[in-house]
Amino acid sequence: MTDRVVVAGAVYDRGRLLAARRSAPPELAGRWELPGGKLEPGERPEQALVRELREELGVEARPVERIPGEWPLMPGLVLQVWTVRLLSGEPRPLEDHDELRWLGPEEIHTVDWLDQDRPAVAEAARRLPAP
Ligand code: DCM
């Protein structure tokens, strides 16, 4: 069996990275993540990411590049991450999150990221565009 893919976005705006605090399930609530979610059957990762960011944050966004690597979540599920450029809309925590924060280069480590997101967040921080 191939692993199912969860896609997440390193969303950038004006030199800052978007962090989203999960509101569920209880074991993940309160931890911060790069927003995203599971692929639906037949979806390509980039499509799924655009859909998830629209549903969860109410924004239109464009995946730019895949951050190399793949990180295991629970058995049978792996995380892939893309850098994302915001096209329109101001992100709001519509679904799955109860707070959003824009983090500048000095603030990346001020939130309690999910363990499995940390390697991708480090890569995302290295790619942070200039403001
Ligand atoms: N997940 C994660 N890191 C992310 C996004 C999701 O570890 N940046 C995990 C949390 C869930 C699973 O992927 O176990 C599915 O996510 P969701 O519930 O958001 O669809």
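Refer to the preceding data block for the structure.
As a convention, each chain's residues are numbered from 1 in the sequence order in which they are written. Only residues with pLDDT of 70 or above have their local features reported here, since the model is predicted, and side-chain atom pairs are shown and tallied only from 80 upward, although totals for entire chains, interfaces and linings are computed over all residues. The side-chain quantities take in all heavy atoms of the structure and omit both hydrogens and water.

1. Overview of the pattern of salt bridges
Which entries qualify depends on this criterion: Think of a salt bridge as a Lys or Arg side-chain nitrogen and an Asp or Glu carboxyl oxygen that are within 4 Å of each other. The way it works is that DSSP assigns letters per residue, a run of H or I at least four long becomes a helix, a run of E at least two long becomes a strand, and they are numbered from the N terminus.
Enumeration over the complete set of coordinates arrives at 19 salt bridges. Across the salt bridge formed by aspartate 112 and arginine 31, the nearest N and O atoms sit 3.1 Å from each other. Of this pair, aspartate 112 sits in the loop between strand E7 (97-103) and helix H2 (118-126) while arginine 31 sits in the loop between strand E2 (16-22) and strand E3 (32-33); the two residues are 81 residues apart in sequence, bridging distant segments of the chain. Among the ionic pairs, aspartate 112 bridges to arginine 118, the shortest N-O distance being 3.0 Å.

2. A word on the environment of valine 81
Cut-off, in case you're wondering: Between two residues, a contact is recorded if the distance between any of their heavy atoms is within 4.5 Å.
As for its placement among the helices and strands, valine 81 is situated in strand E6 (residues 77-88). For the pair valine 81 and glutamate 46, spaced 35 residues apart in the sequence, the C-alpha separation amounts to 9.8 Å. Not counting residues up to four positions away in its chain, the partners in contact with valine 81 are Ala8, Ala10, Leu34, Glu65, Arg66, Ile67, Trp71 and Ala120.

3. A closer look at helix H1 (residues 45-57)
Side chains of residues three or four places apart in an α-helix project in the same direction, reflecting 3.6 residues per turn. Operational definition: By this rule the span expected of a helix is its residue count minus one, scaled by 1.5 Å. Burial classes follow relative accessibility: with a 1.4 Å probe on protein chains only, a residue under 20% of its type's maximum area counts as buried, one over 50% as exposed, and anything between as partly exposed.
In a regular helix each residue adds 1.5 Å, so 13 residues correspond to 18 Å; H1 covers 17 Å between its end C-alpha atoms and thus fits that length. The set of residues buried in H1 consists of Ala48, Leu49, Arg51, Glu52, Leu53, Glu56 and Leu57. On its buried face, H1 is in contact with strand E1 (4-13), E2, strand E4 (36-38), strand E5 (60-72), E6 and E7. Once H1 finishes, glycine 58 follows within two positions and takes phi at roughly 70 degrees, a positive value.

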